[in-house]
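What the coordinates show
Chain by chain, the residues run as shown.
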Amino acid sequence: MHILFKTLFLFFACCCKVKSSPLQQTSDSARIVNGFQVDITEVPYQAALRRSSSNNGETIWNHVCGAVIISDKGVLTAAHCAPSRSTSLSSLGVRVGTSNRNSGGETYEISSIVAHEKYSPETLENDIALIKTVTSIVFSQSVSPIAVANQSLELPGGTEALVSGYGDTSYSGTSSQVLLAARVNIVAQDTCARAYLRLTSITSGMICAFASNPSRDACQGDSGGPLVAKNHLVGIVSFGEGCADALYPGVYTRVSEYNDWIADQLQ
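Residues numbered from 1 in each chain as written. Predicted model: local features only at pLDDT ≥ 70, side-chain atom pairs only at ≥ 80, totals over all residues. Heavy atoms only, no water.

1. Some details on the overall build of the chain
- A tally of regular secondary structure across the chain gives 2 helices and 16 strands.
- Burial status across the chain gives 55% buried among its 267 residues.
- Once local pairs closer than 6 in sequence are excluded, the contacts in the chain between residues at least 24 apart make up 70%.
- Carbon and sulfur atoms provide 47% of the accessible area of the chain, an area that totals close to 11200 Å². (Helix = DSSP H or I, 4+ residues; strand = E, 2+ residues; numbered from the N terminus. Buried < 20%, exposed > 50% of the residue type's maximum accessible area, 1.4 Å probe, protein only. Contact = heavy atoms within 4.5 Å. Areas by Shrake-Rupley, 256 points an atom, 1.4 Å probe, with all protein chains shown as cover.)

Okay, here's the thing in C-alpha cells:
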C-alpha cells in the first residue's frame, strides 16, 4: 500500500503520519503527471502556500502546497496543508500571479489559516482549509478568483476538468520550475469507491478524477490546488494511490459539500 498525500511536508513535522495509517504521506515535491505548461493568465485563480526560511541572512521562500483564490481575501487549500499551531503565520505567505514556481507574482501575508473542524488525518475526510490574507488581493489578468461550485452543478462521470500546480513531471522526478496543468475527467463516485475499497472510504465530501492515454493526474505537493470544471472550482487536490496509476483515480475534496462552511469562514 502506498497511498500518498499530494503535498510537501518538509516544513510541518506535526503532520507526519505513521506507516500503518491508511493514508501515508511523503516528502516528495509537487507534480502534475503528464501535463502541459500553462500560463498563469489561463488559470489566474492558481495560488501557492509558501514558507520562508533564512540562508546566510537571505530570505528564501519554499513551496509548500497549492491553493486557489476564491475572493479578495480568501484562498482555499487542503486541511492537511495547514501548519501546526506553533508555526508563526509571519513565516508563511500566499503567492499569486506567476507561472514560475520560485519567482514572479506577489506574495501576501496571512492573517489566519482555518482547517475544517472535522478534518480527519486518518481518513482525509473534510480535507479543506481557508486562508485569509492580511490585505486584499489585487486582481488582474493573472490574478482572479474562481466561483465555487454549489450542489446544483451536475458533474457526471466523464466531465472534463483541469487540474493545475507547480511540480514534477514524473514519480520521484525533479520539480518543474513552471506551472503545469492536465486535462482529466470526473470519475463516477461508485467507480472510485470500488477502486479504493480495500484502502479507504470515498465519501460524499470527495470527488475523483483521472485521464488516460497517457495517464494524467496530480501528485504530492499539488495538494490544496484547484480542480476546475464548467468554469467552477469543483475540487481541491487531496490524496491518491501513487500518481497517475490507472487503477486509482486522484481524490479531491468536493467543495460543493462545503459551501456553508466556506461562507462562514469568509465572514
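2. Some points on the sheet that holds strand 6 (residues 74-77)
- Spatial strand order, 4-5-6-9-8-7: 6 strands in a closed barrel with antiparallel pairing. Taking each pair of neighbouring strands and ignoring which way they run, the sheet shows an average axis angle of 45 degrees.
- Where strand 7 (residues 92-96) lies against strand 8 (residues 106-115), 4 bridges are found, and the strand directions are antiparallel. Its bridge partner being in strand 8, arginine 95 is matched across the sheet by threonine 107.
- Relative to strand 9 (residues 129-133), helix 2 (residues 259-266) is tilted by about 25 degrees, and along the sheet it contacts strand 6, strand 8 and strand 9. (Pairing = 2+ DSSP bridges. Axes fitted to C-alpha atoms, helices over the stretch in contact; angles between N-to-C directions.)

3. Quick word on the side chain of serine 164
- As for its position among the elements, serine 164 is in strand 10 (residues 160-166).
- Judged by relative accessible area, serine 164 falls into the buried class, the value being 1%.
- Within the local environment of serine 164, its side chain forms a polar contact with the side chain of glutamine 46, the two groups lying 2.6 Å apart. (Polar contact = N/O pair within 3.5 Å; in protein donor to acceptor, adjacent residues only side chain to side chain.)

4. Overview of the nonpolar core
- Leu49, Leu76, Val96, Leu233 and Ile262 are the most contacted members of the largest nonpolar core, which has 41 residues in total.
- Setting aside residues no more than four positions away along its own chain, leucine 76 makes contact with Ala67, Val68, Ile70, Ile128, Ala129, Leu130, Gly224, Leu233, Ile236 and Ile262.
- Counting residues in each nonpolar core, the second largest holds 15 residues, with Ile207, Ala209, Ala211 and Tyr252 among its members. (Core = buried A, V, L, I, M, F, W, Y, C linked by side-chain atoms within 4.5 Å.)

5. Structural notes on the pairing of strand 16 (residues 250-254)
- In terms of residue burial, strand 16 counts as a mostly covered element, since 5 of its 5 residues are buried.
- Sheet analysis places strand 12 (residues 206-210) next to strand 16, joined by 4 bridges and oriented antiparallel. Following the sheet pairing, cysteine 208 is matched in strand 16 by valine 251.
- Of the strand pairs in this sheet, strand 15 (residues 232-241) and strand 16 are connected by 4 bridges, and their pairing is antiparallel.

6. Some thoughts on the state of the cysteines
- Applying the stated criterion across every chain, the model contains 2 disulfides.
- The partner cysteine of cysteine 65 in its disulfide is cysteine 81, sulfur to sulfur 2.1 Å. Handedness of the cysteine 65-cysteine 81 disulfide follows from its S-S torsion of about -85 degrees: it is left-handed. Of this pair, cysteine 65 sits in strand 5 (residues 58-69) while cysteine 81 sits in the loop between strand 6 and strand 7, and the two are 16 residues apart along the sequence. A single burial state applies to cysteine 65 and to cysteine 81, both of which are buried.
- Covalently, cysteine 192 is tied to cysteine 208 through a disulfide, its sulfur atoms 2.0 Å apart. Between cysteine 192 and cysteine 208 the sulfur-sulfur dihedral comes to about -70 degrees; the bridge is accordingly left-handed. In this pair, cysteine 192 sits in helix 1 (residues 189-195) while cysteine 208 sits in strand 12, placing the two residues 16 residues apart along the sequence. Of the two residues, cysteine 192 and cysteine 208, neither departs from the other in class, the shared state being buried. (Disulfide = S-S within 2.5 Å.)

7. A look at the pairing of strand 4 (residues 46-55)
- Inspection of the sheet shows strand 4 paired to strand 5 by 10 bridges, in the antiparallel sense. By the bridge assignment for strand 5, alanine 47 is matched with alanine 67.
- Remark: 2 residues form the turn of the hairpin made by strand 4 and strand 5, two consecutive strands paired antiparallel; asparagine 56 in that turn has positive phi of roughly 55 degrees.
- Where strand 4 lies against strand 7, 5 bridges are found, and the strand directions are antiparallel. Bridging across to strand 7, alanine 48 finds its partner in arginine 95.

8. Description of the environment of phenylalanine 239
- Looking at where phenylalanine 239 falls in the secondary structure, it is placed in strand 15.
- Distance from phenylalanine 239 to valine 251, taken between C-alpha atoms, is 5.3 Å for residues 12 residues apart in sequence.

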